[in-house]
Every structure is written in C-alpha cells, then in structure tokens.
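The primary structure of each chain is shown beneath.
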Amino acid sequence: MFQRLKRLGVDRWVAVANVAVGATIALAALAALPIRSPSLAVPLFAVLALLTASAIGLAARARWADRVTRVAAIVLLLAGLLVLAGLMLELAFHRGLTGPAGGPGPLSFALTLLLVLPYTVIYPAGLLLWLDSRGPSR
Amino acid sequence: MTARWLPRLLIAYALVLTGGCAALVVWLSPRDEPRAGASEILSAWRQGALAARRITAKPAAGADPGAALAAERGTPGTTLVVEHVVREGRVFTLTRTLFGLSFVAGRDGVRATLNGRDATLTADDLLRERLYRRTFGVDSEGVLDRLANQLGCGKDELWRSGSFRRLVITRTVLPRDPPELDLIRRARQETAVTTSRLTLAIKDAGRFLVQRLREDGRFSDGAPAGAGYDWAAHAAATVFLAESGERLDAYELRSAARRAGRFLQQMGSVRCGPNPCIGGLERGDTGGSADTLLAYSELATEKAGVAFRGLTAELASFLRAQQRGNGGFFTYYDRARQRGAGTDRDDVDAQAVLALARAHRITGNPADLEAARRGLRHLTGRPGLLGARDYLGGDHRVCVAMNDLWERAADPAALDYCLDWTSWGALLQIDRRSAAVAEYRGGVRPNLGWVPVPDLTATAQRTEGAIATLAAAVRAGRSADSIRALDVRMAGGVELLLREQLPGARAYLRPDAEAESDLGGFTRSPVDRDPRLATTAAAGSALLRCLRAVEPARGATGKPARRRSVKH
C-alpha cells in the first residue's frame, strides 16, 4: 500500500494538496463571507486559477509545472500576508476603540491566526521551500 | 535561495505586524484621565431640547450631583442627566472617514478645541441629533457641523486647525423632582421580566401598531421614501395583533388585525394555477404567501374571523403544491409556466413550515401537518456546507415551528438543531464581558463582527426562537442544567427589549415623549430614533411568547414571575 502511494510521486501529492487548499479557500471566501465584490472576487479567482493550473501541471508532470507552482505560491503568500495584516489590524482597531471591556480578546486574535495562517501563509511558504529543494526548474 | 530569504521575510513581517497592532491598540485606547474640572457634564432636558448645561468637576461624595442646575430642576417636565467622562482618548484625523470611525456608537462623545476654546458633543447630544451610525462610529460631517457651530467657525477651519478628543461616557439620570406620580409610566421604567411588565409592554406595542393602521388596512411605516411597502412586516404585524388580541382579550387589537388581514387579501391575492397565492403579475411568492397564511391562520381562530378559514385552507393548498420532493419549497411560482421555480432558500422554507404548522390547527388537514413535518426535517436534518449546518444564519422560525409542532409531531432531532442554533447564537449576543455599552447587553449583533450596537429586530427574532426552544426542551424533559445558559440568554434579550421599547430610558431626548405618539414602538437599533413596523411586530411577538412561557396560568397577571437578571 505504502509503496503504491510512494509510486504516485511527490508531485502528484502536491497537486492534490493544491486542489484541497484551493477548495478550502474558495468555500471559505464564497460561502462564509457575507459580501461579494469584484475587489475580492478578482484576486480570489486569480489565485484559484493559478492553484488549479499548478495542480494540473504537477499531476501531468508538465515542464511548466514548477514555474506556475512558484507563481501560484508567491501570489498566494502575498495575498495571505495582506489578508492577515488586514484582519489583525482590524481586530487591533476594535480592541483599541472599545477598550478591554468590549473589544476582541486574545482568543479572537489566536482564532484568526489559526484560520488564515495554514492555508495562505504556511502552505505557500512550504511550496516555495519544496520547489527550492528540487533545484532549478526543469 | 528561497530557504534563505523566506524565513527572514516572514519573521520580519510577523514582528512588524505584531508591533503595528500593539501600537494601534495603545494609541487608540482611551487611557487618559478626563481634563481637570471637566469630568461631569450636567444637562437639563425639557421636551427633547437642552435647557441648560454645566461642565464641572466630580462633586464631593454625598453632594447633590444636580446642585449646579437646581433652579432648572423645579420646572415641570425637566430631566437632569449627568454624563460622566470616564476616560479620554485620541481620534484619527487622517481622513474624515477615519475620524467618523473613531467612536463607539451609543457611548462616546467628542470635544473639539480651537484657539483655546472648547466645544463638546456628549453621547446624548449625538443620539438626539441622530449622528451615531447604526453599526459603528458617527456621521463625521454632521459632528463637525455641530462643533463648528458651537465654536462659531467654519467646518473646514475646525477640521484643519482644531484638535479632537474622544470622551468615553457613562450616564446617570437623576430622579425627577417632583417624582413621577403616574403609576403606568413608572411601571414602564421597570425591566425585570414579570407577567405584569410583559403584559404592559405587549399592550403598548399593540396600541402602537393600531395607531399606525390606516382606515384601508395598510400600516403607515416610517420607512425611507422610495422603499417599497414592507408586506412581510405587514403580515408580521397582523399576526402579532391577532395573537395579542386573543391573549389579552382586547377587541381593539383583534379588530385591527382583521382590517389588516382583509388588506392582505384584497391587495396581494392572485391565482397560481388552481390555488390563490400572494404575488404579482408574473410570480406567486412563496415567502409572502407563507406570511399571509400565518396571518390568516391566527385570524381564523376566533368566531369573527370565520371568513379567513376558507382562505387558510386554499393558501395552505398552494404552499403544499410548492413543496419539493426533498421537503424544501420552491421560492416562487412561475405564473406563465404554471409551475414552481427558484432555488432553495432556508428562510422561505422556514416561513412555509411555520405557516403550514399553524394552518393545520385551523384546517385539520393531515396533509398540512405532513408537509410541515417534512419541511422541518429538511431544514434541520439536511447536511449543509461540508456537513455543517448554518447555525449562525439559521432562521428563528425553524425553532418556533419545531415548538408549535411538538405536541402533534415531536421531532427530537429538530430540538437538537435548535439547541445548537441557540448555543451558536451566543457568539452574536452582547454579554456583560463584551458590552462596550452596558445598556446594550443582551442584544444581538447583526453579524459576527465587533459592532457594539445591537440590532433589535435580530434580538427579537433570536429571543423568540430561544424561548420556543426552551419551551420544547422543557416539554421534552431535557435537564435543567442543559438549558440554564439558554434561559439566561433568553432573559437577556427580553430585558433589552423592555429597556428599548419607546419612550425608553432616553425619553427625555424625544420632543414627543410627553405626547406618547411613538409609545410602544421599537426602533431598529438603540441609536435610531424612528420606530419601525417590522421591529415592533418582531419584538411584540417575542414578548408575547415570553409571557406565555413565564405565566403559569391565565389570570395570574400582576404576580411577579421568576425575577431574572443577565449574568454572563
């Protein structure tokens, strides 16, 4: 069983991970967010398109797969850092405004970090490190 | 290459972000002591207008806090209010939008200083002038206008050269001298949940709706010009009038309900295939038909409403025809194609289930009960997104219907859903720990953000759903421990509604308070001034359900029920 999984190759496992992360982000953004605006939708679909293209390339072991995966990882990382900064600053703003009696507590900050970090910062950073460990693009 | 720069980049980012957030919290937090000699703002209000004001230092312990305006106090109709400046803080002046966002609605005031002169707007001033935003902050242009007027300068000059401070304010209303002798008015100031207090609040809400009902059966709502007539609010108000009229045995309320019901019948009815429905030229509306069916079902319970019984059966037949195979409902009926259409919507499903459950009491048709039961199972048993149900966005009518159906078709799975729905609802409720404004505790925020002002319609609906869940849980024999938290949350919501019913705790800010023209109504939020039909109907229904829950038997009015207080 393990041998069979191993034979599938790291590339294809990364492709599956790309699809899973893309689906999670899409569901979170499209189903959970109460707002729909082009300023959110355009970057979101750009990131999803890149992740999907990367997954297809990695699954098919295409030549261009590494380059597209690198671009997808960098775009996702930058978007993640931007979103995280926005959320944390908003929480800090409310905390400062309402004071300790009514503002978001440390738990809210921790929850935000846990929800955003794995998919939009840790995963793309891991992708970049993995690509780097493979050496120059084929 | 990446392995070298990426960790450094992320560490630098984390440090900058953490530092930025900490700096923002520290900079914005109102930490400073109020300016010496300006910690108390004593105002005399008369007929909704400011009669006199003194800004003073904190009086010595035991001293009369209203002494500075003792002469005003003796004038009839005067209310003295002390606004205590608890702390001061900075505001953003980078842009006017950010300036407007730098205040907590309902709590904060502002002081502007220009060329050594001060101008102050207290929380009461901002409420009276309608300058708080419903969600967050203030109307910056309006605030600058008022401050510039006080200083006798231009708004732009004040913005360029003035300095601004945020004032965190708490408030004490001094007892009237002579004291209020009208027992009913004094009773309205009580917020403990007793049967007599609930009965008074329901009567006031009913009277408000009757006053807003025109001869032709249409309600006059204070909705903004251009907004279409709110048929859902009309139906909800009709249901509340019928229910409260029956409960309080008040002919005036029942008669008004019948008039509003006939207006629904005359203005909204069209044919949808073989059945009548509520809608327009192209479509029959399932949600609107369900609301109307609910109203008809309540009107049909009394002898004078016998004309509504046939209508109830016909409209129930339309709703049954709109039901899909999975138990959900088509959102509309396409009159050209003669069939149901539209995507599944939980709110429409909930409306239809509740309406059919109530209609079954009138029609006695087992098909209505079966349709309601199937709809309820669809709403509470269906796995939603990734298997997780939408507990936060769930419609309160699901739980009202679950409770209504309990004696006829008990559904323990639906009760479990409602218990989870109420538990998740705690995230939206403002408790003592998370209340930026203490008076708003018990209220429900419109969304998951950090909005400090509750939405009173959402509060009423969530509270009604919680009361229905509690009633069903008690009947199902659930342990007292498992429902204690729910009981406390429900009481918090009811107490807020009692506090916010007009004229409310800030009646002295309303010019018409003595005339009682808005008496009994509810505004959309505590920082709004105009009562709304939909909110009043929702709040009235919640209070009525609470009365039924806490009153042991008919005729026991006046006897205090369990005295509750919110402790979160």
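Look a little higher up for the structure.
Residues numbered from 1 in each chain as written. Chains lettered and ligands numbered in written order. Predicted model: local features only at pLDDT ≥ 70, side-chain atom pairs only at ≥ 80, totals over all residues. Heavy atoms only, no water.

Caption draft 1: Structural view of the overall build of chain B. What chain B contains, in helices and strands, is 19 helices and 11 strands. The C-alpha atoms of chain B give 26 Å as radius of gyration, which agrees with the globular expectation for 568 residues (24 Å, within 12%). Across its three principal axes, chain B shows a C-alpha extent of roughly 80 × 75 × 50 Å. Looking at the 568 residues of chain B, the share that counts as buried comes to 53%. Across chain B, the fraction of contacts at a sequence separation of at least 24, relative to all contacts at a separation of at least 6, is 69%. Of the roughly 24500 Å² that chain B leaves accessible, carbon and sulfur atoms contribute 53%. Seen as two clouds, the 82 positive and the 65 negative side-chain charges of chain B have centres 3 Å apart. (Helix = DSSP H or I, 4+ residues; strand = E, 2+ residues; numbered from the N terminus. Rg over C-alpha atoms; globule rule 2.2 N^0.38 Å. Buried < 20%, exposed > 50% of the residue type's maximum accessible area, 1.4 Å probe, protein only. Contact = heavy atoms within 4.5 Å. Areas by Shrake-Rupley, 256 points an atom, 1.4 Å probe, with all protein chains shown as cover. Lys, Arg positive; Asp, Glu negative; His and termini not counted. Charge placed at Lys NZ, Arg CZ, Asp CG, Glu CD.)

Caption draft 2: Highlighting the overall build of chain A. Check the secondary structure of chain A and you find 5 helices and 0 strands. Ordered by position from N to C terminus, the α and β elements of chain A give α-α-α-α-α. For chain A, buried positions account for 41% of its 138 residues. For chain A, long-range pairs separated by at least 24 residues make up 69% of all intrachain contacts whose partners lie at least 6 apart in sequence.

Caption draft 3: Up close: the nonpolar core. Of all hydrophobic cores here, the largest spans 92 residues; its most connected members are Leu198 and Leu543 of chain B. Among residues more than four places away in sequence, those in contact with Leu198 of chain B are Val193, Val494, Leu498, Leu543, Cys546, Leu547 and Val550 of chain B. Within the second largest apolar cluster, 84 residues are counted, among which are Ala29 of chain A together with Val81, Val110 and Leu167 of chain B. (Core = buried A, V, L, I, M, F, W, Y, C linked by side-chain atoms within 4.5 Å.)

Caption draft 4: Fine view of a nonpolar patch on the surface. A contiguous nonpolar surface patch, about 320 Å² in accessible area, is contributed by Trp424, Leu427 and Leu448 of chain B. Turning to its location among the elements, Leu448 of chain B is positioned in the loop between helix H16 (412-425) and helix H17 (456-475). (Patch = residues over 30% accessible without salt bridge, like charges linked within 9 Å, V, L, I, M, F, W, Y side chains within 5 Å. Salt bridge = Lys/Arg side-chain N within 4 Å of Asp/Glu carboxyl O.)

Caption draft 5: Just the interface of chain B and chain A, in detail. With 29 residues of chain B at the interface, the matching set in chain A holds 27 residues. In total, about 2400 Å² of surface goes out of reach between chain B and chain A, with carbon and sulfur atoms giving 76% of it. Joining chain B to chain A, the criterion identifies 0 salt bridges. Ranked by residue count, the leading element in the side of chain B that touches chain A is helix H1 (residues 2-28) of chain B, at 11 residues. In the side of chain B that touches chain A, the residues fall into 21 nonpolar, 5 polar and 3 charged. (Buried area = accessible area lost by both parts, 1.4 Å probe. Nonpolar A, V, L, I, M, F, W, Y, C, P; charged D, E, K, R; others polar.)

Caption draft 6: Representation of the pairing of strand E4 (residues 108-114) of chain B in the model. Residue and element names in this part refer to chain B. Counting buried positions along E4 yields 7 of 7 residues, so the element is predominantly enclosed. Bridge analysis of E4 against strand E6 (residues 163-173) gives 6 bridges, and the strand direction is antiparallel. Paired with Arg111 across the strands is Arg165, a residue of E6. The pairing of E4 with strand E5 (residues 117-121) spans 5 bridges and is classified as antiparallel. Residue pairing for E5: Ala112 is matched across the bridge by Ala119. (Pairing = 2+ DSSP bridges.)

Caption draft 7: Local environment of the sheet that holds strand E11 (residues 339-341) of chain B. All names here are of chain B. Pairing is antiparallel in the open sheet, where 3 strands are placed in the order E9-E10-E11. Every other strand in the sheet has two partners, leaving strand E9 (283-285) and E11 as the edge strands with one partner each. For this sheet, the mean inter-axis angle between neighbouring strands, taken without regard to orientation, is 35°. Of the pairings in the sheet, the one linking strand E10 (residues 332-334) to E11 comprises 3 bridges and is antiparallel in character. Looking at the pairing, Asp334 lines up with Arg339 of E11. Sheet contacts for helix H11 (residues 286-299): E9 and E10; angle to E9, the most-contacted strand, approximately 45°. (Axes fitted to C-alpha atoms, helices over the stretch in contact; angles between N-to-C directions.)

Caption draft 8: The arrangement of the environment of Arg441 of chain B in detail. Residue and element names in this part refer to chain B. Mapping Arg441 onto the fold places it in the loop between H16 and H17. Using a relative accessible area of 27% as the deciding quantity, one classes Arg441 as partly exposed. Expressed as a C-alpha distance, the spacing of Arg441 and Asp431, which sit 10 residues apart in the sequence, is 5.1 Å. When near neighbours in sequence (up to four residues on either side) are disregarded, Arg441 contacts Ile430, Asp431, Arg432, Ala435, Gly492, Leu496 and Arg499. A polar contact of 2.9 Å, which involves the side chain of Arg441, links it to the backbone oxygen of Ala438. (Polar contact = N/O pair within 3.5 Å; in protein donor to acceptor, adjacent residues only side chain to side chain.)

Caption draft 9: Fine view of the sheet that holds E6 of chain B. Residues and elements named next belong to chain B. Strands sit in the order E2-E1-E3-E6-E4-E5 across an open sheet of 6 strands; the sheet is antiparallel. For this open sheet the edge positions go to strand E2 (49-56) and E5, each flanked by a neighbour on one side alone. If you compare each strand with its neighbour and ignore which way they point, the axes differ by 30° on average. Strand direction decides the pairing type here: strand E1 (residues 40-46) and E2, joined by 7 bridges, are antiparallel. If you follow Arg46 over to E2, its bridge partner there is Ala49. Its contacts with the sheet place helix H5 (residues 140-151) against E4, E5 and E6, and it is angled at close to 140° to E5.

Caption draft 10: Quick peek at the state of the cysteines. Residue and element names in this part refer to chain B. Evaluation of the coordinates by the stated rule reveals 2 disulfides over all chains. Sulfur-sulfur distance for the disulfide between Cys272 and Cys277 comes to 1.9 Å. Across the disulfide from Cys272 to Cys277, rotation about the S-S bond amounts to roughly 50°, and the bridge is consequently right-handed. In this structure, Cys272 and Cys277 share a single accessibility class: buried. The disulfide pattern of chain B is 1-2, 3-4 when the bonded cysteines are numbered in sequence order. Note on Cys546: no disulfide assigned, nearest cysteine sulfur contributed by Cys399 at a separation of 16 Å. (Disulfide = S-S within 2.5 Å.)

Caption draft 11: Quick look at the packing of helix H10 (residues 251-268) of chain B against H11 of chain B. Residue and element names in this part refer to chain B. It is at 10 Å that the axes of H10 and H11 come closest, and there the two elements cross at 140°. With respect to their mutual orientation, H10 and H11 come out oblique. Classified by chirality, the crossing of H11 by H10 is left-handed. For the pair H10 and H11, the contacting residues are Ala257, Arg258, Gly261, Leu264 and Gln265 in the first and Thr292, Ala295, Tyr296 and Leu299 in the second. Each residue belonging to the contact of H10 with H11 can be placed in one class, and the counts come to 5 nonpolar, 3 polar and 1 charged. (Parallel < 35°, antiparallel > 145°, perpendicular 65-115°, else oblique. Left-handed = near helix turned anticlockwise from the far one by under 90°.)

Caption draft 12: Focus on the side chain of Ser43 of chain B. All names here are of chain B. The residue Ser43 is located in strand E1 in this model. The exposure class assigned to Ser43 is buried, which follows from its relative accessible area of 0%. Polar contacts involving the side chain of Ser43 include one to the side chain of Arg53, which spans 2.9 Å.

Caption draft 13: Layout of unusual backbone geometry. Looking along the chain, the bond that leaves Leu502 of chain B and enters Pro503 of chain B is cis, with omega of 15°. Residue placement: Pro503 of chain B occurs in the loop between helix H18 (480-500) and helix H19 (533-550). Phi is positive for Arg61 of chain A, which is not a glycine, with a value near 55°. Relative to the helices and strands, Arg61 of chain A resides in the loop between helix H3 (38-60) and helix H4 (65-98). Of note, the phi angle at Asp249 of chain B is positive, near 55°, even though the residue is not glycine. Tracing the backbone shows Asp249 of chain B in the loop between helix H9 (231-248) and H10.

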